[in-house]
Structures are given as structure tokens and as C-alpha cells.
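Reading the structure
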Amino acid sequence: MTTDTALHAADAVFMAEQAVSRARHVVEELHTTINSALRVLDDAELDSAKARLSDRGDYYLEAAAEHLSRLQRRCSDNAELTDELTGHLERASQAVIDAHDLLLLDADTTDPARARDVAQLKPRLAVVGEMIDLAKPMARLAAQHVESAHLAAQQVTPPSLLEPVTLERSIATAGKELGRADEDVRLLENVVDHAAASARQSAGIATEITDNARRRMAEPGRVQIPHQAAPSVGSPAR
């Protein structure tokens, strides 16, 4: 591997690590948003029950409908987060592909340290790619369940409040779909955490590759290149 190729491969690894780190933070926000939606749904279910048992039924029906309006807003927020997550995962995936391709360009074994670093980097980078490939469909599935909950909440309109069964059916459907979305995101968190850990390890090795490449460029008879600080491992998200 030439020095320039080594530097480009390291840059791609750093980009992958940053994208995975950002994806991890978005997944945390997704979990928070879904939990908030579930709490709103609990409030709607409670008011729906009060409407059946209280002589102030109309009041509690309207309160339950308002909770479902709030639920729709939570679901919309969740959809935006899912779009953001998908973008980070796609960028991470492309960066992993770029790094992998660069690592395969050629194999300069004249530098034992670089050969060792590359040998350590490849399997860790492969894990990052595998975890990202797992995360993508999981994120889509969670989004589908949230969208189903959103559609169920939209079924509650002022005319439908005259039929309490419609409200109860919407609450039950939304609860089932949000519960599935919550399970999806819990699994997604584990996968993205694993990807983030491997990406941090990869970035650490890439830093070693970068440092070795710069040392070689600085050797007598080679062109001096300006020093650029490598991105820190575990760089802050968003």
C-alpha cells in the first residue's frame, strides 16, 4: 500500500467512525421519542377508560383525542429521526466500502508495522460493515411500525368520537405498533453500539497507520507533508 493510499484509507475509516457515532446518538433519540409516545398513549388509554365510567364522558373522550393528536406529533418527530439515522448509516456504509477498497489496492509489506496495522484493521472494519448492514433493515422496520401507529391515531376524528369503539381500537392498534417499534429500537441500539465499538477500534488503528505514513513521508529523501491532526476516536456526534 502506498503512503497516499494509506492516508486515504485512514480518512475513510475516520469518516465511518464519525457517521456511526452520529447514528448511535440518533438511535438514543429514537428510543426517547418512542418512550414518550408510549406515555402519551397511556394517557389516552386512561382517559378512554374514564369516558366509559364517568358521567363526564364527553370531556374524557375529547381529552383522549387530544392525547392522540400529541401522539401523531411524536410519530412525526420519530419519522424525521429515522430519516436522519438512515443518512448516517448510508454514509458509514459507503465509507467502510471506500476504506475496504483502498486497503485492497495493493499490499506493501516492506513496512512491518503498517502490514500489522492493516491486518488488524480489516477484520474490525468488516464487523462495522456487517453491523451497519444489520442496522439498516431494523431501522426501516421500526419506522414502519411507528408509521402504522401514526395511521391508527389519525383514525380518531371528531365524528369518530361518537363511536367509542373506534377510539379504543385506535389506541389498541397504536399501542401494539409502538410496542413493536420499541422492541426494534432496543435491538437496533445493541447493533449500533457494537458497530460503534468496532468503529472506534478501527479509528485507533487508522491513526497508527496515519502516523506511520507521515513518518515515512518525513524520512530523508521524501517530500515533507504538512501535519494534520487525525480526527479523535469517539468524536462527538451532531
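Cut-offs applied
- Residues numbered from 1 in each chain as written.
- Predicted model: local features only at pLDDT ≥ 70, side-chain atom pairs only at ≥ 80, totals over all residues.
- Heavy atoms only, no water.
- Core = buried A, V, L, I, M, F, W, Y, C linked by side-chain atoms within 4.5 Å.
- Buried < 20%, exposed > 50% of the residue type's maximum accessible area, 1.4 Å probe, protein only.
- Helix = DSSP H or I, 4+ residues; strand = E, 2+ residues; numbered from the N terminus.
- Contact = heavy atoms within 4.5 Å.
- Phe/Tyr/Trp six-rings, centres within 6.5 Å; stacked < 30°, edge-to-face > 60°.
- Lys NZ or Arg CZ within 6 Å of the ring centre and 35° of its normal.
- Axes fitted to C-alpha atoms, helices over the stretch in contact; angles between N-to-C directions.
- Parallel < 35°, antiparallel > 145°, perpendicular 65-115°, else oblique.
- Left-handed = near helix turned anticlockwise from the far one by under 90°.
- Nonpolar A, V, L, I, M, F, W, Y, C, P; charged D, E, K, R; others polar.
- pLDDT = per-residue confidence, 0-100.
- Salt bridge = Lys/Arg side-chain N within 4 Å of Asp/Glu carboxyl O.

Let's talk about the nonpolar core
- Residues Val20, Leu68, Leu71, Leu85 and Leu188 are the most contacted members of the largest nonpolar core, which totals 66 residues.
- For this core, the secondary-structure elements that each account for two or more residues are α1 (3-53), α2 (57-103), α3 (112-154) and α4 (164-217).
- Top contributing element to this core by residue count: α1, with 19 residues.
- Leaving out residues up to four positions away in the same chain, leucine 85 has contacts with Ala23, Val26, Val27, Leu30, Ala139 and Leu188.

Some thoughts on the packing of aromatic side chains
- Per the counting criterion, the structure on display carries one aromatic pair.
- Aromatic side chains tyrosine 59 and tyrosine 60 sit 5.1 Å apart centroid to centroid with 75° between the ring planes, which places their arrangement in the edge-to-face category.
- Residue classification places tyrosine 59 among the partly exposed residues on the basis of a relative accessible area of 47%.
- Taking the ring centre of tyrosine 59 as reference, the NZ or CZ of arginine 56 above it sits at 4.4 Å.

Here's the deal with the packing of α2 against α3
- Contact geometry for α2 and α3: axes closest at 9 Å, N-to-C directions at 160°. With respect to α3, the element α2 is oriented roughly antiparallel. Between α2 and α3 lies a crossing whose hand is left-handed.
- Here the residues of the contact of α2 with α3 sort into 20 nonpolar, nine polar and four charged.

Observations concerning the packing of α1 against α3
- Between α1 and α3, whose axes approach to 11 Å, the crossing angle comes to 30°. Viewed along their axes, α1 and α3 adopt a mutual orientation that is roughly parallel. α1 and α3 meet at a crossing whose hand is left-handed. Of α3, the residues touching α1 (which contributes Thr3, Ala6, Val13, Val20 and Ile34) are Arg114, Leu121, Leu125, Val128, Ile132 and Val146.
- A per-class count over the contact of α1 with α3 returns nine nonpolar, one polar and one charged.

Side note on the environment of asparagine 78
- Assignment of secondary structure puts asparagine 78 in helix α2.
- If we ignore the near neighbours within four places in the chain, the residues touching asparagine 78 are Leu30, Thr33, Ile34 and Val146.

Some details on the confidence of the model for the protein chain
- Per-chain confidence: the protein chain averages 86 in pLDDT, with 87% of residues scoring 70 or above.
- Note on residues 223-230: pLDDT under 50 across the span, and eleven contacts to partners over four residues away in sequence or across chains.

Some words on the pattern of salt bridges
- Within the structure shown, the criterion is met by eight salt bridges.
- Where glutamate 90 meets lysine 136, a salt bridge forms, and the shortest distance between an N and an O atom there is 3.4 Å. Of this pair, glutamate 90 sits in helix α2 while lysine 136 is found in helix α3, placing the two residues 46 residues apart along the sequence.
- Note on glutamate 90: relative accessible area 39%, which makes it partly exposed.
- Residue aspartate 182 pairs with arginine 186 through a salt bridge whose shortest N-O separation is 3.1 Å. Of this pair, aspartate 182 and arginine 186 are both found in helix α4, four residues apart, which corresponds to roughly one turn of the helix.
- For aspartate 182, a relative accessible area of 10% puts it in the buried group.
- We classify arginine 186 as partly exposed; its relative accessible area is 45%.
- By sharing partners, the salt bridges in this structure join Arg24, Glu28 and Asp193 into a single network.

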